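Residue-level listing of the chains:
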Amino acid sequence: MSEYLKPLPNITPHSKPFWDAAKEHRLLLPRCIHCKAVHMYFEPWCNACSEVGVEWQTLSGYGHIWANCRFHKAYFSGFQSSLPYNVAIVQLDEGPKMMTNIVNLPYGTLNEMPIGMRVKTFFEDVTNEITLIKFESA
Amino acid sequence: MGLISNRKDTVAVIGVGTTDFGNLPEHDATSLGIWALRNAADDAGISLKDIDGLIVQRLTDYQKFIQITNISPRLVTATPGAGRMTGGTIQLAVQAVLSGLLDTVAVVYGNDGRSAGAKYGGKGDTYGTSADQLWFPYGMTSPGAIHAMAFQRHVAKYGTTNEQLAAISIAFRKHALLNPNAVMKKPITFDDYFQSKFICEPLRILDYCLINDGGVAMIITNGDRAKDFKKKPVYIKGIAQESRLAQGELPEDFGYSTMQRVSKQVHEMSGVAQPEIQSLMIYDNFTPTVIFTLEGFGYAPQGEGGAFVENGRLELGGALPTNTNGGHLSESYMQGWSLNVEAVRQVRGELEHRQVPNVNHVQYLQGGPLSTSIIYGSEPV
C-alpha cells in the first residue's frame, strides 16, 4: 500500500471497539442499555435519558444523506490532490449522524449526492490498521 | 451588610473604542486591546484609573494589559477567544454593574488573527466535537463547512438561493464603503460574487468573514451615573442568551427554536417591540447565518429569510438597515464586538454617511451556538 497522507483518526480507549469493528467491516456504535439510544460519541453517559451504561451494537449500515458540501480548499495537505472532494453527514437508520464521504459517484458533484439520498456503508481500508467508514448510493 | 447591596436598575454604555482594522503586525492581541480601551476611555471622557472592572476576551495577557494600563480593577476575568462568547462576556459586565459590585466595567477584545496566522480549519483546529477522530479523516473541518452544510439543508427545505447570499454580501460591502475604518474598500457586484472562488461549495470566499487584526472596547456603568460623561449614554435595555450547543454543530432547525426563546426574552426585558427596532447588527460569520438569524429572531418568517434579504432590504435606505459598518464580511472580523460598538454609535447618531436617521433602538443578534440578543436604546426605560 502506498504511503497514506490524509489525517488518521485519533483513537481513544473508549472508541477502540468502533475502529476495531470498522477494520472487520462492521459499523459498531455504543447504545444506551436503558433507553436504547445509539450514540455517535464514546462516553458511558446517555444524553437522551441521562443514565449511565452502554453496550456495543452492530448497526444496519443504511441511512440517508442529511447534509452535504464539497471542499475546494485543502485544509490538510493530504487532501490537496483530492480537490474538490465531498463531505456528507449521513443519518443512520438507527438515529445517529456521522461525518463521512460519499464514494462511487460518476462525476463527484453535489448534485449526485442530494440530501435525502439512501446510502449504505462502504468500508475503505486506507492503511493496514485503519478502515474508514464511507457511504455509497443504496 | 449582606452579600448583595447597592443594586442598580439600569445599565448604559458610556464609551466605545476601536483600533485600526487590517494587518497590524506591530501589535499583539493584548496591545490591540489596550489601544481600543484608551480610545474608549477618551470617548467616555474618563481616566483609565476610573475603571474598576476588567473583562478581556481573546487577548490572553491580562497581566501585561493591566501593567501597561496601570489600573486596579476589583474584578478581572478573561473569556475564550471565540465569537460565541461575546454575548456572555457582555452579560457578565452588565450583571456586575446591576448588582452594584462595580461602577465602571471595561470589556476589551483584542484579535491579532491576521498577523498571527490564525486558521479556522485543519490540524489542531478545535471546532467540532472529537473532530480529530470523526471529522479530519474525511477531510471535514472548519466552521465554514458546517455553514455550507446548513445552507444546503436550507436550500433543500425552503429553496433558498445563492443569489440571496450574494445580496447579503453586496449589501454589507456597500456599507463598508461608507466606513473609513473598514478593511474592504472595493465595491462588489453579482458577477464578482459568482466569479469568486468556492471555499466549501456551495459557499464562496465572498460568503466568508474576514480574518484581520484589531481591538474593540466598551465601558459600561449604571444608568444613574451614565449621564455625567462626555457622550450621550446608550442604554442596554435587554440582554438575553441561550445555548444550543447540546444540539451539536448543526441543529436540525438552524437554531430557530432557541433564537425564538431568546427573542421573546430580550423584547420582554427591554419593553421594545420589533417594529420599534430601526437597525440590526447580525453576527455574520458566513452569509447563511444572516438568513438563519433573521428567521430565528422573527424578522423574517421561517423559511423566508432568503426572500427577505432581497431588494436591498438590509441596505442603508432599506426597511431594516443591517450591519451598517460592513459587518464581519467587509468591515472587520471583531467577533461581534465591532457590531456592538456600531449599535452604540447608531443610537448616538454620530455615524454621518452611514447613519440611520432618528435612531432610538438597535438590536444585536447572534444566531448561535450561544444565541444572544442585546437591545440598545437612547432612553433608560
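Rules used in this analysis
Residues numbered from 1 in each chain as written. Chains lettered and ligands numbered in written order. Predicted model: local features only at pLDDT ≥ 70, side-chain atom pairs only at ≥ 80, totals over all residues. Pairing = 2+ DSSP bridges. Helix = DSSP H or I, 4+ residues; strand = E, 2+ residues; numbered from the N terminus. Axes fitted to C-alpha atoms, helices over the stretch in contact; angles between N-to-C directions. Expected span 1.5 Å × (residues − 1). Buried ≥ 20, exposed ≤ 12 C-beta atoms within 10 Å, placed from the backbone. Domains from an automatic or database assignment. Contact = placed C-beta atoms within 7 Å. Core = buried A, V, L, I, M, F, W, Y, C linked by C-beta atoms within 7 Å. Nonpolar A, V, L, I, M, F, W, Y, C, P; charged D, E, K, R; others polar.

Residue and element names in this part refer to chain B. Ordered by their spatial adjacency, nine strands build an open sheet running S3-S2-S4-S7-S1-S8-S11-S10-S9, and the pairing between neighbours is mixed. Taken across any chain shown, the strands that pair with only one partner, and hence form the sheet edges, are strand S3 (75-79) and strand S9 (279-282). Across the sheet, the axes of successive neighbouring strands diverge by a mean angle of 25 degrees, strand direction being ignored. Direction of pairing for strand S2 (residues 53-57) relative to strand S4 (residues 104-112): parallel, over a ladder of five bridges.

Turning next to helix H1 (residues 29-44) of chain B. Residues and elements named next belong to chain B. Relative to the 22 Å expected for 16 residues at 1.5 Å per residue, H1 spans 23 Å between its end C-alpha atoms, a close match to the ideal helical length. Within H1, 13 of the 16 residues are buried, leaving the element largely enclosed by the surrounding structure. Remark: Gly 45 follows H1 within two positions and exhibits a positive phi of approximately 75 degrees.

What follows concerns the domain arrangement of chain B. All names here are of chain B. By domain assignment, chain B separates into domain 1 (11-116 + 212-228) and domain 2 (141-210 + 237-381). Computed over C-alpha atoms only, the centres of domain 1 and domain 2 are separated by 23 Å. Listed as interface residues are 22 residues of domain 1 and, on the opposing side, 25 residues of domain 2. Listing elements by their share of the side of domain 1 that touches domain 2, those giving two or more residues are strand S1 (11-18), helix H3 (86-98), S4 and strand S7 (213-222).

What follows is about the domain arrangement of chain A. Residues and elements named next belong to chain A. Segmentation of chain A into domains returns domain 1 (13-59) and domain 2 (60-138). Computed over C-alpha atoms, the centres of domain 1 and domain 2 are 21 Å apart. Listed as interface residues are 10 residues of domain 1 and, on the opposing side, 12 residues of domain 2.

Quick look at the nonpolar core now. Grouped together as the largest cluster of nonpolar side chains are 129 residues, with contacts concentrated most on Val13(B), Ala40(B), Ala106(B), Val107(B), Ala217(B), Ile219(B) and Tyr376(B). Ranked by the residues each element gives to this core, the list is headed by H1(B), at nine residues. Counting residues in hydrophobic clusters, the runner-up holds six residues, among them Ala22(A), Leu29(A), Leu132(A) and Ile133(A).

Residues and elements named next belong to chain B. Within the secondary structure layout, Gln 302 lies in the loop between helix H9 (287-296) and helix H10 (305-308). Taking the C-alpha atoms as reference points, Gln 302 and Ile 34, 268 residues apart in sequence, are found 42 Å from one another. With near-sequence residues (within four places) excluded, Gln 302 lies in contact with Tyr 256 and Glu 295.

Taken together, the contact pairs 28 residues of chain A with 27 residues of chain B. Only strand S3 (62-71), strand S4 (85-92) and strand S5 (97-100) of chain A provide two or more residues apiece to the side of chain A that touches chain B. Of all the elements, S3(A) adds the most residues to the side of chain A that touches chain B, at five residues. The residue inventory of the side of chain A that touches chain B, partitioned by class, reads 19 nonpolar, six polar and three charged. As defined by bridge partners, S3(A) adjoins strand S5 (residues 198-201) of chain B across two bridges and the pair is classed as antiparallel. Within the sheet, the bridge partner assigned to Phe71(A) lies in S5(B) and is Cys200(B).

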